[in-house]
Amino acid sequence: MDGFEDRLQALRPRLHRYCARMTGSAVNGEDVLQDTLVKALQARSQGAEVDNLEGWLFRIAHNASLDFLRSRSRNTVVPLTEDIEAEPIPEADIVAVGFQTFLRLPELQRCAVILKDVLGHSVEEIASIAECSPAAAKSALQRARITLRLLAQEPEDARLPLMSDLDRQKIIAYVDMFRNGDFDAIRAMLADDVKLELVNRLQWQGREKITPYFTRYAEVAKWRFAFGAVEGRPAMLVFDGTGPTERPAHFVLVEWSESRIIQIRDFLFAPYVLEAVDWVRLG
């Protein structure tokens, strides 16, 4: 496919940064990103001609993000009527803004400030991606910059992970089994149709199919495991024992149906997600 899929992979981190901030979640942003790439591959297979690949992909990502937001009915915005010129916000300051703060911007403002101040797109490119006029894109950008500066002055609420005692007990037990190398006990908990996703690498389904996953973890001595939360969800945090331990190298999300594990999402091959995710170590 003339390197098309390779170019998609190269743009994946930039697309994720956009989707994550548009949806207010690094994990949901990955889901929207995957939907974006599927739609791009389908369009390409149907003969779509693409002159500007990055702009075309961001347009698909933009629409996929809006579809996701509308399906979740997340439309809380901050009204703003002042029409004054605003200076660009340094990328470091933008990246430090919490995802929930971005959700308080109207969709076009959110789109404009992420594309311009984080990803470096021009106003004309923003207009093309958001399918609006350059004037509307510029206005949205100015208003977004002003609003973010106002919101940054508000005290930040403590975001404690909310999980039931049962969910907490399940993930703690799962982490303990990893720490002790008791992978047979984990296999005994798997549902027959359990799904494994190594994000950005592969998807498998079925108890027997995913057995090599645990074997490969058992063969790597450097990993250290901890109980934590990612965006409030119970998670296994994985640290590289041979490197810095201030932050995890990656994380794993596990879903249960009663006492059976029905899905494992491992972000080992998607380090760009960890760059933006809200995580906390709990044990």
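Heads up: these notes are all about the structure in this document. Computed from a predicted structure; not experimentally measured.

With six of its eight residues buried, strand β4 (residues 233-240) lies for the most part within the structure. In terms of strand pairing, strand β3 (residues 223-230) meets β4 through eight bridges, oriented antiparallel. Bridge assignment links A229 to a residue of β4, and that residue is P234. Between the end of β3 and the start of β4, which pair antiparallel, lie two residues, with E231 showing a positive phi angle near 55 degrees. Bridging between β4 and strand β5 (residues 250-257) involves three bridges; their strand directions are antiparallel.

Glancing now at the sheet that holds β4. Strand order in the open sheet formed by seven strands is β2-β1-β6-β5-β4-β3-β7, and the pairing between neighbours is mixed. Where the open sheet ends on each side, the last strands, each with one partner, are β2 (202-205) and β7 (279-281). For this sheet, the mean inter-axis angle between neighbouring strands, taken without regard to orientation, is 25 degrees. Across the face of the sheet, helix α9 (residues 165-179) comes into contact with β3, β4, β5 and β6 (260-266) while running at roughly 170 degrees to β3. In this fold helix α11 (residues 211-219) packs onto β1 (190-198), β2, β3, β5 and β6, with an angle of close to 60 degrees to the strand it touches most, β6.

Residues Y18 and F251 are the most contacted members of the largest nonpolar core, which totals 61 residues. Counting residues per element, this core draws most heavily on helix α3 (residues 53-72), which supplies ten residues. F251 has contacts with V27, V230, M236, L237, V238, R265, D266, F267, V273, L274 and V277, leaving out every residue within four places of it along the chain. With 29 residues, the next largest nonpolar core counts V175, M189, F214 and I261 among its residues.

Right, let's talk about the packing of helix α2 (residues 26-45) against α3 for a bit. Packing of α2 against α3 leaves a shortest axis separation of 9 Å and a crossing angle of 130 degrees. Here α3 runs oblique to α2, going by the angle between their axes. Regarding α2 and α3, the two cross each other, and that crossing is right-handed. Between α2 and α3, the contacting residues are N28, V32, D35, T36, K39, A40 and A43 on the first element and W56, L57, I60, A61, A64, S65, D67, F68 and R72 on the second.

Thresholds applied
Residues numbered from 1 in each chain as written. Predicted model: local features only at pLDDT ≥ 70, side-chain atom pairs only at ≥ 80, totals over all residues. Heavy atoms only, no water. Buried < 20%, exposed > 50% of the residue type's maximum accessible area, 1.4 Å probe, protein only. Helix = DSSP H or I, 4+ residues; strand = E, 2+ residues; numbered from the N terminus. Pairing = 2+ DSSP bridges. Axes fitted to C-alpha atoms, helices over the stretch in contact; angles between N-to-C directions. Contact = heavy atoms within 4.5 Å. Core = buried A, V, L, I, M, F, W, Y, C linked by side-chain atoms within 4.5 Å. Parallel < 35°, antiparallel > 145°, perpendicular 65-115°, else oblique. Left-handed = near helix turned anticlockwise from the far one by under 90°.

Just geometry here; none of it tells us what the structure is for.
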